[in-house]
Amino acid sequence: MNYILLTGGAGYIGSHTALALLRAGYQVISFDNYSNSSATALKRVEKLAGGNIICLSGDIRDEAALSAVFRQYPVAAVIHFAGLKAVGESTEQPLHYYDNNVGGTITLCRVMREFNVKKLVFSSSATVYGDAKTVPIDETAPRSATNPYGQSKLMIEHILADLVNAEPDWGITLLRYFNPVGADSSGQIGEDPNGIPNNLMPFISQVAVGKRDKLNIFGNDYPTADGTGVRDYIHVVDLAAGHLKALQYLENHQGIEAINLGTGTGYSVLEMVNAFVRVNQVEVPYQIAPRRPGDIASCFARPDKALKLLGWQAEKTLADMVRDSWHWQRQNPNGYAENK
Ligand code: NAD
Ligand code: UDP
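Rules used in this analysis
Residues numbered from 1 in each chain as written. Chains lettered and ligands numbered in written order. Predicted model: local features only at pLDDT ≥ 70, side-chain atom pairs only at ≥ 80, totals over all residues. Heavy atoms only, no water. Helix = DSSP H or I, 4+ residues; strand = E, 2+ residues; numbered from the N terminus. Rg over C-alpha atoms; globule rule 2.2 N^0.38 Å. Contact = heavy atoms within 4.5 Å. Areas by Shrake-Rupley, 256 points an atom, 1.4 Å probe, with all protein chains shown as cover. Lys, Arg positive; Asp, Glu negative; His and termini not counted. Charge placed at Lys NZ, Arg CZ, Asp CG, Glu CD. Near = heavy atom within 4 Å. Polar contact = N/O pair within 3.5 Å; in protein donor to acceptor, adjacent residues only side chain to side chain. Salt bridge = Lys/Arg side-chain N within 4 Å of Asp/Glu carboxyl O. Buried < 20%, exposed > 50% of the residue type's maximum accessible area, 1.4 Å probe, protein only. Patch = residues over 30% accessible without salt bridge, like charges linked within 9 Å, V, L, I, M, F, W, Y side chains within 5 Å. Axes fitted to C-alpha atoms, helices over the stretch in contact; angles between N-to-C directions. Parallel < 35°, antiparallel > 145°, perpendicular 65-115°, else oblique. Left-handed = near helix turned anticlockwise from the far one by under 90°.

Asker: Would you mind showing me how to read the overall build of the chain here?
Answerer: Helix and strand counts for the chain come out as 11 helices and 14 strands. Compactness check: the chain gives a C-alpha radius of gyration of 19 Å against a globular reference of 20 Å for 340 residues, within 12% of the reference. For the chain, the proportion of contacts with a sequence separation of at least 24, taken over those separated by at least 6, is 81%. Of the accessible surface of the chain, which amounts to about 14,500 Å², a share of 48% is contributed by carbon and sulfur atoms. For the chain, the distance from the average site of its 30 positive side-chain charges to the average site of its 34 negative ones is 2 Å.

So, in C-alpha cells, the structure goes:
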C-alpha cells in the first residue's frame, strides 16, 4: 500500500491528510480540479514534510484523465475527498452538485474497478444523520437529508453499499466527519473558504482578524445549555490521522463500514467564541441573530466504533482547535491568495 490517490487532495482536509501520509512514508498523488483550492497548499505541504507530492490537475468526472493516472501509477488505494460542500449553493445549483459529487464518484469507481483498485476511503459527513432524534449519534442512527449537498452524500453512501453488495472484494470506509476545524500547528496550511464563510470557525477567525465586523450567532433559543447550537468540532489533524488508520484497516478488510470521526463532545457556539477569545486573547464581537433555516440544535458523535475498528480517537483539545485556527488565519489573512 504505497501509492495513495487523493481526489481533492489540495483542499482543506485533503492537504492535511497529504501531510500526514507523506510523513508516514506514503507516495501521495493529488488529483484536483482546484475548483475550491489552491496548488499552493500542496507546495506548502511538500515543504513541511520535506517530500514530494505528485500533483495532478484534473476533474474526477473526466474518465480518460482519471484512467491515465491509474495507468501511470501503481495506485493501491483512493481517499476520495473531491466534492462540492456548500449547503446553500447546493440548494441553488442541485444539478451541479449531483453531477459533481454523485456523477464524479460513479466515474471514479468505474475507473478503479477497471484497474482493479478496490480500496476506497470516502469523505462522508454527519449531515447524513439529518436532524438526529438522540445524541450522541452512532452509526446505526437513521439517515436523511435536508438539502442537495446532504442528499448527494447519502446517495453516494447507498451507491457504495450497493457496489460492495454486488462485488464483495471491494473494501470501502465511509468516514462520517463531524465539524472539522483547526489547522496544522505550523500555520502554513488551513481552511481557505471562498467569499463569506458559511462555517462557524472561519467566520470567527475572520472577525478576529478584522475582515468582518461581527459574528452573527444564529439563534440562542435552542434547547441546549446556553441556547446556542451544539456541534462536535474535531481538529483537522486528528481527522487526517483517522484517514491513515482507515487505510491500514482496509489493508486486511473487505466490505463496507461507516465510521464516525468526531470527538464525542459537543460545544455550543458561545463556548466556541469564548474559548477563541480566552486562548488567543483577541476580541470577537458578536450579536444574536435569528436561527439559520435548516439548522439543528445539537449534533455530536458516539465515536466508539472508530476506536474499536480503527484504533483511532481524537487527541486534540478545544484550546488546540481555536489556537491553531487563529494561528493560520493570523499568518494568512487572505488565505492562499495574494490579493483576495
Ligand atoms: P475542500 O473544498 O477544501 O476540498 C475539496 C477539494 O475537492 C477541493 O480541493 C476541490 O477543488 C476539489 N474538487 C471538487 N470537485 C472536484 C472534481 N469534480 N474533480 C476534482 N477535484 C474536485 O473541502 P474539504 O473541507 O477539504 O472537504 C473534503 C471532503 O469532505 C468533501 O467531500 C466534503 O464534502 C467532505 N466533508 C467536509 C466537511 C467540512 O466541514 N469541511 C464536513 C463533512 C464532510
Ligand atoms: N453558526 C453561527 N454563525 C455563523 C456560522 C455558524 O452561529 O456565522 C452556528 C450554526 O448555527 C451552528 C454552528 O455554528 O449551530 C456550526 O455551524 P457550521 O455551519 O459551522 O456547521 P453545521 O451547522 O454544518 O454543523
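Asker: What am I meant to see in the site of ligand 2 here?
Answerer: Around ligand 2 sit 15 residues, and of these Leu200, Asn216, Arg231, Arg292 and Asp295 come closest. Leu200 places a main-chain nitrogen or oxygen 2.9 Å from an oxygen atom of ligand 2. For ligand 2, an oxygen atom lies 2.9 Å from a polar atom in the backbone of Phe218. Taken by itself ligand 2 offers 520 Å² of open surface, and the protein chains cover 87% of this. Put simply, the parts of the chain that give the shell around ligand 2 at least two residues each are α7 (200-208) and β8 (215-218).

Asker: Looking at this model, I keep getting lost on the side chain of Asp320. Mind explaining?
Answerer: Summarising the element assignment, Asp320 is placed in helix α11 (residues 318-331). In this structure the side chain of Asp320 is engaged in a polar contact, spanning 2.8 Å, whose partner is the backbone nitrogen of Thr317.

Asker: Mind showing me how you'd approach the pattern of salt bridges here?
Answerer: A side chain of one charge can pair with a side chain of the opposite charge when the charged atoms of the two come close. What the rule picks out here adds up to 15 salt bridges. Asp99 is paired through a salt bridge with Arg61; the nearest N and O atoms lie 2.8 Å apart. Here Asp99 is found in helix α5 (residues 94-114), whereas its partner Arg61 is found in the loop between β3 (53-57) and α3 (63-72), with 38 residues between them in sequence. Overall, the relative accessible area of 40% leaves Asp99 in the partly exposed class. We note a salt bridge from Asp221 to Arg291, for which the minimum N-O separation is 2.9 Å. In this pair, Asp221 sits in the loop between β8 and β9 (230-231) while Arg291 sits in the loop between β13 (286-289) and β14 (298-299), placing the two residues 70 residues apart along the sequence.

Asker: I tried to follow a nonpolar patch on the surface on my own but got confused; where do I start?
Answerer: Judged by side-chain polarity, Ile106, Met155 and Ile159 come together as a nonpolar surface patch covering roughly 200 Å² of accessible area. Mapped onto the fold, Ile106 is located in helix α5.

Asker: Please clarify how the packing of helix α1 (residues 12-23) against helix α2 (residues 39-49) should be interpreted in this entry.
Answerer: Each pair of packed helices can be summarised by the angle the axes make with each other and by the distance between the axes. Close contact between α1 and α2 brings their axes to 9 Å; oriented N to C, the two are set at 25°. Here α2 runs roughly parallel to α1, going by the angle between their axes. α2 is crossed by α1, and the crossing has right-handed handedness. On the side of α1, the interface is formed by Ser15, Ala18, Leu19, Leu22 and Arg23, while α2 contributes Ala41, Leu42, Val45, Glu46, Leu48 and Ala49.

Asker: Where do I start with the side chain of Asn100 in this structure?
Answerer: If you trace the backbone, Asn100 turns up in helix α5. Residue classification places Asn100 among the buried residues on the basis of a relative accessible area of 6%. A polar side-chain atom of Asn100 sits 3.4 Å from a polar atom in the side chain of Arg61. There is a polar contact of 3.2 Å between the side chain of Asn100 and the side chain of Asn101. In this structure, Asn100 is in contact with Ile60, Arg61, Gly83, Leu84 and Thr105, ignoring residues within four places of it in sequence.

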